[in-house]
Amino acid sequence: MPEPLLTFECYENFITAANLDVENDRVTTLYDILKKLPPPNYDLMERLMFHLARVALHEETNRMSAASLAIVFAPCVLRTNKVVPAQESLIDIGSQTQCIETIIKVQLRKIRSTLDDIDTLDTACQAATNRLSSLRSSKVFSPDELLPANQPSQQQTDDEEHLLVDHIQEIQKEKEHLTSTLPTLTHATSDDDMLSTDGDGSLDDLSCIADKRPRPVVRSISTGPMLPKLRRQLSTEVSGKVMDDCEDPIMV
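- The name that an unreviewed UniProt entry assigns to the chain is Rho-GAP domain-containing protein, with the source organism given as Rhamnusium bicolor.
- Per UniProt, the comment on the chain under Subcellular location (unreviewed entry) is "Cytoplasm".

As for the packing of helix α3 (residues 39-57) against helix α6 (residues 86-138)
Phase 1: Interhelical geometry of α3 versus α6 gives an angle of 70° and a closest axis separation of 8 Å. The angle between α3 and α6 places the two elements in the roughly perpendicular class. The handedness of the crossing between α3 and α6 comes out as right-handed. Facing Met45, Met49, Phe50, Leu52, Ala53, Arg54, Ala56 and Leu57 of α3, the residues of α6 in contact are Ile100, Ile103, Ile104, Gln107, Leu108, Ile111, Arg112 and Leu115.
Phase 2: For the contact of α3 with α6, the per-class residue count stands at 13 nonpolar, 1 polar and 2 charged.

Section: the nonpolar core
Phase 1: Grouped together as the largest cluster of nonpolar side chains are 37 residues, with contacts concentrated most on Leu6, Phe14, Leu34, Met45, Met49, Ile100 and Ile103.
Phase 2: Secondary-structure elements contributing two or more residues to this core are α1 (11-18), α2 (23-34), α3, α5 (66-77) and α6.
Phase 3: By residue number, the principal contributor to this core is α3, which donates 8 residues.
Phase 4: Excluding residues within four positions of it along the chain, Leu6 makes contact with Phe14, Leu34, Leu37, Met45, Val77, Leu78 and Ile100.
Phase 5: Counting residues in hydrophobic clusters, the runner-up holds 11 residues, among them Ile118, Leu121, Ala128 and Ile171.

Definitions and limits used
Residues numbered from 1 in each chain as written. Predicted model: local features only at pLDDT ≥ 70, side-chain atom pairs only at ≥ 80, totals over all residues. Heavy atoms only, no water. UniProt positions renumbered as here; feature names shortened; annotations may be inferred. Axes fitted to C-alpha atoms, helices over the stretch in contact; angles between N-to-C directions. Helix = DSSP H or I, 4+ residues; strand = E, 2+ residues; numbered from the N terminus. Parallel < 35°, antiparallel > 145°, perpendicular 65-115°, else oblique. Left-handed = near helix turned anticlockwise from the far one by under 90°. Contact = heavy atoms within 4.5 Å. Nonpolar A, V, L, I, M, F, W, Y, C, P; charged D, E, K, R; others polar. Core = buried A, V, L, I, M, F, W, Y, C linked by side-chain atoms within 4.5 Å. Buried < 20%, exposed > 50% of the residue type's maximum accessible area, 1.4 Å probe, protein only.

Here it is as C-alpha cells:
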C-alpha cells in the first residue's frame with residue numbers, strides 16, 4: 001500500500017499515545033485516534049485486529065503472543081513518510097510495536113469475555129434443559145401415581161414448562177448473537193460501559209461495524225440488549241438454584 005493502514009497523518013499521534021505510561025490512558029488515547037481513521041481503514045483494521053487476537057488466543061499452540069504478532073505486523077500498518085535518523089527510527093519501532101500490541105491485547109480480552117459469556121449460557125441452557133426433561137418425564141405417570149402431597153399441580157407444571165421453553169429459546173438466541181459478532185475498535189472504561197457499546201461482526205464470517213459510523217445497526221459484541229438481565233439471572237442459576245428437582249418455575 002502506498003500509505004500504511006494507520007495513515008501517515010495519524011502516525012505521530014499513535015507514537016505519542018503508545019508511549020503513555022498509564023495503561024488505561026494509553027488504551028483510551030489509541031482508540032480515540034482509531035476513530036479518526038477513514039472508514040475503509042477503520043474497517044480493515046478492525047478485522048485485522050480481530051484476526052490477530054484470535055491467533056493470540058491460541059498462543060500455547062502457535063507460540064504467537066500479542067507481543068510477537070505486534071513485532072511482525074506493526075511495521076506493516078504503522079510507519080512514517082518522513083526521513084528520520086537511524087537511532088530515532090529504532091526508538092519508533094518499539095513504539096509502533098507497543099501500539100499494536102496494546103490494541104491486540106484489548107481485543108483479545110473482549111474475545112475471552114465473550115467466550116466466558118457463551119460458556120455461562122451453555123451451562124444455564126443445560127440446567128434448564130435437564131429441568132424441562134424432568135417435567136416432561138413426570139407426565140408419563142397418571143395423576144394417581146403422583147403420590148407426594150407437595151407435588152405441583154398439572155397447571156403449575158405446564159406453566160413451568162412453558163417458561164422453561166421460552167427461557168431456553170432466549171438463551172439460544174443470545175448465544176447465536178454472541179457467536180456471530182465482531183469486537184469493535186471501541187474502548188469502554190468499565191464493564192458497565194461495555195454493556196452499551198454498539199458493534200457487529202462474526203467469529204468466523206465477519207460483518208463489522210465501527211462506532212457511530214453509517215453501517216448496519218446491530219447489537220453489541222459483549223452483550224445484546226438482553227444479556228445484562230440474562231447474566232444476572234444465569235449467575236444465580238449456575239450457582240445451583242436451577243436444579244433438576246427445583247420446585248419453583250424459572251422466570252425469564
